Amino acid sequence: MKFSIYRKLLSSFVLIIVLMVAANVYVLWQLHEVTTTTSLTFRNDVRSINLAKQLQVVLDDEEQYAEKYLIRRDSSYLPLFAQQVRVFNQLADSMYDAMPSSAEIDLLFRLRTGHRWFVENMESEIAKHARGGTGIVSLGNAHLDSLGVMHGLVDKIIRLNELEVSNSVSGISEAMVRSSNVAWLITVGALLVALTVALVITRTLVRPIRTLIKGTENIARGIFDPIEVKSRDEMAWLARAVNEMSSRLKQINDLKTEMLHHISHELRTPLQTMLSAQYLLAEQKRGPLNEEQQRLVSSIKEGIRKLTVFSNQFLDIQKIEHGAMEYAFDRLNFLETITPTVEDATLIGAEKEITVSFTHEADLPDIKGDAEKIPQVFSNLLSNAIKYTEAGGTIRVHVAKHKKGVRTTVSDSGAGISQEDLPRIFTKFYQAKNAKKGTGIGLALVKHLVEAHKGKISVESELGKGTTFTVDLPAMTSAAKPHTTQSRIKEEAA
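Residues numbered from 1 in each chain as written. Predicted model: local features only at pLDDT ≥ 70, side-chain atom pairs only at ≥ 80, totals over all residues. Heavy atoms only, no water.

**Focus: the overall build of the chain**
Each helix and strand in the chain was counted, giving nine helices and eight strands. Within the chain, contacts between residues separated by at least 24 positions form 75% of all contacts whose residues are at least 6 apart in sequence. Only carbon and sulfur atoms are counted for the fraction: they give 58% of the accessible area of the chain, which is about 29,100 Å². (Helix = DSSP H or I, 4+ residues; strand = E, 2+ residues; numbered from the N terminus. Contact = heavy atoms within 4.5 Å. Areas by Shrake-Rupley, 256 points an atom, 1.4 Å probe, with all protein chains shown as cover.)

**Brief notes about the pattern of salt bridges**
Where charged atoms from two side chains of opposite charge come close, those side chains can pair. Tallied over the entire structure, the rule returns eight salt bridges. Residue arginine 407 pairs with aspartate 472 through a salt bridge whose shortest N-O separation is 2.7 Å. With arginine 407 in strand β5 (residues 405-412) and aspartate 472 in strand β7 (residues 467-474), this pair connects stretches of sequence that are 65 residues apart. Of the residues examined, arginine 407 reaches a relative accessible area of 30% and is grouped as partly exposed. Note on aspartate 472: relative accessible area 16%, which makes it buried. The salt bridge partner of glutamate 462 is lysine 465, with a shortest N-O separation of 3.6 Å. Judged by its relative accessible area of 61%, lysine 465 is exposed. (Salt bridge = Lys/Arg side-chain N within 4 Å of Asp/Glu carboxyl O. Buried < 20%, exposed > 50% of the residue type's maximum accessible area, 1.4 Å probe, protein only.)

**Description of the environment of isoleucine 157**
With respect to the helices, strands and loops of the structure, isoleucine 157 is situated in helix α4 (residues 141-220). In this structure the C-alpha to C-alpha distance between isoleucine 157 and alanine 52, which are 105 residues apart in sequence, comes to 6.9 Å. Ignoring any residue separated from it by four or fewer positions in sequence, one finds isoleucine 157 in contact with Ala52, Met95, Glu104, Leu107, Leu108 and Leu111.

**A closer look at the sheet that holds β5**
Taken together, the five strands give an open sheet; going across it, the order is β2-β4-β5-β7-β6, and neighbouring strands pair in mixed fashion. The strands lining the two open edges of the sheet, one partner per strand, are β2 (355-360) and β6 (456-461). Neighbour to neighbour, the strand axes of the sheet diverge by 15 degrees on average, direction disregarded. Pairing geometry for strand β4 (residues 394-402) and β5, over eight bridges, is antiparallel. Of the residues in β5, the one forming a bridge with valine 397 is valine 410. Along the sheet, helix α7 (residues 334-351) makes contact with β2, β4, β5 and β7, crossing β2 at roughly 165 degrees. (Pairing = 2+ DSSP bridges. Axes fitted to C-alpha atoms, helices over the stretch in contact; angles between N-to-C directions.)

**Topic: the packing of α7 against helix α8 (residues 373-387)**
Relative to each other, α7 and α8 sit at 25 degrees, their axes nearing to 9 Å. Of the possible angle classes, the one that applies to α7 and α8 is roughly parallel. Handedness of the crossing formed by α7 with α8: right-handed. Between α7 and α8, the residues in contact are Phe334, Thr337, Ile338, Thr341, Val342, Ala345, Ile348 and Gly349 and Ile374, Pro375, Phe378, Ser379, Leu382 and Ile386, respectively. Looking at side-chain class alone, the contact of α7 with α8 contains 10 nonpolar, four polar and no charged residues. (Parallel < 35°, antiparallel > 145°, perpendicular 65-115°, else oblique. Left-handed = near helix turned anticlockwise from the far one by under 90°. Nonpolar A, V, L, I, M, F, W, Y, C, P; charged D, E, K, R; others polar.)

**So, the environment of leucine 422**
Its location among the elements puts leucine 422 in the loop between β5 and α9 (442-452). A residue is classified by how much of its surface remains accessible, and leucine 422, at 14% relative accessible area, is buried. The contact partners of leucine 422, leaving out residues within four places of it in the chain, are Ile417, Val459 and Ser461.

**Focus on the packing of α8 against α9**
It is at 9 Å that the axes of α8 and α9 come closest, and there the two elements cross at 145 degrees. Handedness of the crossing formed by α8 with α9: left-handed. For the pair α8 and α9, contact is made by Lys373, Gln376, Val377, Asn380, Leu381 and Asn384 and by Gly442, Leu443, Leu445, Val446, Leu449 and Val450, respectively. Grouping the constituent residues of the contact of α8 with α9 by class yields seven nonpolar, four polar and one charged.

It is worth stressing that arrangement in space is one thing and function is another; only the former is reported here.
Structure, rendered in structure tokens:
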């Protein structure tokens, strides 16, 4: 099953939404429980407390009205007493509606039983007084004890309900804390899941994107290796499209390379013929030449030389890119290897009134290199320096020890290179905007040759203030035996 990026994102969003909804539902459920508990507490326990307090007032009023009637013999207190009795019974009935606990029911039963005994005894005393009999003129000890017991029962009912209210409040608080903790846990869990999903999705997206970027960069450098993307989403489709494009570009590039290779080879024969004819003319083997004819012959020779250099450089680049360049590595005395090249450049520079200086440190280590390829590197660098340096300018070549090898700098006071062009200066066929006529192959070839020797080349330049090329080459290790070998080194095209 192809799990597309759309499905990945949709699934992750749905999962996160479900977790957040679950957290909210739990919190709402807990809030409902808290609300229900609070409602019951205020509807029952608090109401019971209020009713019990009213019962206390009613009992006090009953006691007062009964006491006054017995003392004063005033019948006007009898209706008031009877009314308080009715109020007491109504309040007691209302307490049953407040859903009392079993302990409260027992207390209410005892309270009503005691109250009934008190009322019946008071009604008996009242009846005696109504018949003209004599009796107590105040409440007796039995009545007072009964009232005391009832007040005690009412107090117990109040305390019992207050305890239930306190327990309910504690339960509400615990429920709130518990629901808050669970909500936090669900929220944090949802956040962690969201982060994990985000990281997984990001990784599944970024990894193939990086692979595609690297693959396209290789294609830009002329390396057409297939791009492998293991995902089963749109990235895999894109990789297949890029691979198809790369395959077609490789076919075109191979055809172009083969064509240019043939052209370069085909140029060698007529160039050699032209060079031979030029030699015969220059040496005046076929008769004397005047001054103008000699100048033209020299111009022909320069043109042949440029074509020959271009042809040789292009063939070298093709060999390197196809892994067919041969290197004869051996222990080399670096100064002895490059001195002839610098001396040739000094002579050429003198013709343009350019000063070429050559300095070096003592006791330089030997390097492992090809005696033909190393001079080729510095010949190209010095040729470029001479080309872009005006008359009266200077070129400095300095060789010094550097880390575990030799560092050579080639500096000129020429035209310089813009910062925009520097990153691509070693790219095949690329030329800076201020470049003079050329092929754009020389520096690309230099980079290939330096890297084939396990070295590194870099450039620093400022437009109008000259350029400095730095070449670092590793030293020959003392454990290595000086010998000559031939190897084919496959280089990536710059």
